[in-house]
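# Results of the structural survey
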Amino acid sequence: MAALADRLIERFIVLEVALLATRARLAARTDSEALHDLRIVVRRLRSLLRPLRGLPGVETLEAATAEVGRLSSPLRDLEVLADELERCGLEAPGARRRQLLAAGYPALLEEPALARLQFCLTLWPGLLREAEREGLLKGERNKVHRRLLRQQQRLQVALSDPAHDRHRLRLLVKRVRYAAEVWPQQLTLEQPELLKAAQTALGDWHDRLQWCLRAESEADLQPCLARWQRELAAAEVAADAVLLRLQQTLAGDAG
């Protein structure tokens, strides 16, 4: 029991420090990956928390991570779009998005949700120790293992659906990928790199779908629309190929 509590506290402290560092990088505007890295920290926190539902403080901490994820998502989408526009040589549309980002970064940093998440993380070790003293961690290791397996099984079921929803698959792939990263003892997968490849392929598809939709209402994106539509069709094919390989690999793991 103590070993589980010790490992969890260590993992959460590492992520708490990482969150502080990414916030500082975003405030100082030292590099272009600060927001992306902040969101990865939040995803890893959510992956650690999801199998621990029912323990004291988890619900509050989960809500805080979900809110930071929701608030930062539009900014990250804007970053990716600005990068794409600049790559295509559309400097004026790219500059307009950069101006929005320049205002969006400090607004995100001032959000109460971000401060609330950091505060909840400082309280978490004490709450976990209290849960340990009260015997609430008894059987938790097996419970975590079962919950992670169910998460993987949901992905397998979705992959086997001929009419699969790529949006849902993208969410499920991310959940299983980050769960395998933060719970390596409880969830072991063959060829975990396939999860990353599937996430990347689905991300490429999702980006182009969103850009095509935005081009309907944002006139300065129209010059890219035809190319994005072609790339969207190609991304669908590429994503389905990776998902098929992932389906076969997960079926092998289950066997």
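Residues numbered from 1 in each chain as written. Predicted model: local features only at pLDDT ≥ 70, side-chain atom pairs only at ≥ 80, totals over all residues. Heavy atoms only, no water.

### Section: helix α4 (residues 91-109)
When the terminal C-alpha atoms of α4 are compared, their 27 Å separation across 19 residues agrees well with the 27 Å that a helix rising 1.5 Å per residue should span. Regarding α4, the residues found buried are P93, G94, R97, L101, G104, Y105, L108 and L109. (Helix = DSSP H or I, 4+ residues; strand = E, 2+ residues; numbered from the N terminus. Expected span 1.5 Å × (residues − 1). Buried < 20%, exposed > 50% of the residue type's maximum accessible area, 1.4 Å probe, protein only.)

### Structural notes on a positive patch on the surface
A surface patch of positive charge is lined by R146, R150, R154 and R168. Top element by residues in the positive patch is helix α6 (residues 140-160). It accounts for three residues. Tracing the backbone shows R146 in helix α6. By relative accessible area, which is 44% here, R146 ends up partly exposed. (Patch = residues over 30% accessible without salt bridge, like charges linked within 9 Å, V, L, I, M, F, W, Y side chains within 5 Å. Areas by Shrake-Rupley, 256 points an atom, 1.4 Å probe, with all protein chains shown as cover. Salt bridge = Lys/Arg side-chain N within 4 Å of Asp/Glu carboxyl O. Lys, Arg positive; Asp, Glu negative; His and termini not counted. Charge placed at Lys NZ, Arg CZ, Asp CG, Glu CD.)

### Focus: the packing of aromatic side chains
Scanning all chains against the criterion turns up two aromatic pairs. A ring pair is formed by F12 and W124, whose centres lie 5.1 Å apart and whose planes are at 50°; its orientation type is tilted. In this pair, F12 sits in helix α1 (residues 2-28) while W124 sits in helix α5 (residues 112-133), placing the two residues 112 residues apart along the sequence. Here F12 and W124 have matching classes, each one buried. Sitting above the plane of the W183 ring, R11 keeps its charged end 5.2 Å from the centroid. Geometry around Y178 places R177 over its ring, the cationic atom sitting 5.1 Å from the centre. (Phe/Tyr/Trp six-rings, centres within 6.5 Å; stacked < 30°, edge-to-face > 60°. Lys NZ or Arg CZ within 6 Å of the ring centre and 35° of its normal.)

### Concerning the side chain of S47
On the secondary structure map, S47 appears in helix α2 (residues 34-49). Residue S47 is classed as buried on the basis of its relative accessible area of 6%. Sequence-distant contacts of S47, defined by excluding residues within four places in its chain, comprise R175, Y178, A179, V182 and W183. (Contact = heavy atoms within 4.5 Å.)

### Here we look at the layout of surface pockets
Considering only enclosed or pocket space, the largest pocket measures out at about 960 Å³ in volume. Every residue lining the largest pocket is counted, 31 residues in all, and those nearest its centre are R39, R43, R170, K174 and Q199. Listing elements by their share of the lining of the largest pocket, those giving two or more residues are α2, α3 (58-87), α7 (166-182) and α8 (193-215). The element best represented in the lining of the largest pocket is α8, accounting for nine residues. The residue makeup of the lining of the largest pocket, split by class, is six nonpolar, ten polar and 15 charged. (1 Å grid on protein atoms, 1.4 Å probe; cavity = no way out; pocket = protein on both sides within 12 Å on 5 of 7 lines; lining within 4 Å. Points joined across faces, edges and corners; volume = space filled by probe spheres on them. Nonpolar A, V, L, I, M, F, W, Y, C, P; charged D, E, K, R; others polar.)

### What about the environment of L155?
Mapped onto the elements, L155 comes out in helix α6. Sequence separation of L155 and L246 is 91 residues, and the distance between their C-alpha atoms is 9.9 Å. Once residues within four sequence positions are removed from consideration, L155 is found in contact with L169, L172, V173, V176, L195, L246 and L250.

### Considering the nonpolar core
Judged by nonpolar contacts, the single largest core of 62 residues is most densely connected at F12, L52, L117, L155 and L246. By size, the runner-up hydrophobic cluster in this structure holds eleven residues, among which are V80, C212, A215 and L225. (Core = buried A, V, L, I, M, F, W, Y, C linked by side-chain atoms within 4.5 Å.)

### Regarding unusual backbone geometry
In this model, R29 sits at a positive phi of 55°, which is unusual for a non-glycine residue. Here R29 lies in the loop between α1 and α2.

### Overview of the side chain of E16
Position of E16 relative to the elements: it lies in helix α1. Buried charged residue E16 carries no salt bridge. Nearest counter-charge: R23, at 8.9 Å. Those residues in contact with E16 that sit more than four places away from it in its chain are Q118, L121 and T122.

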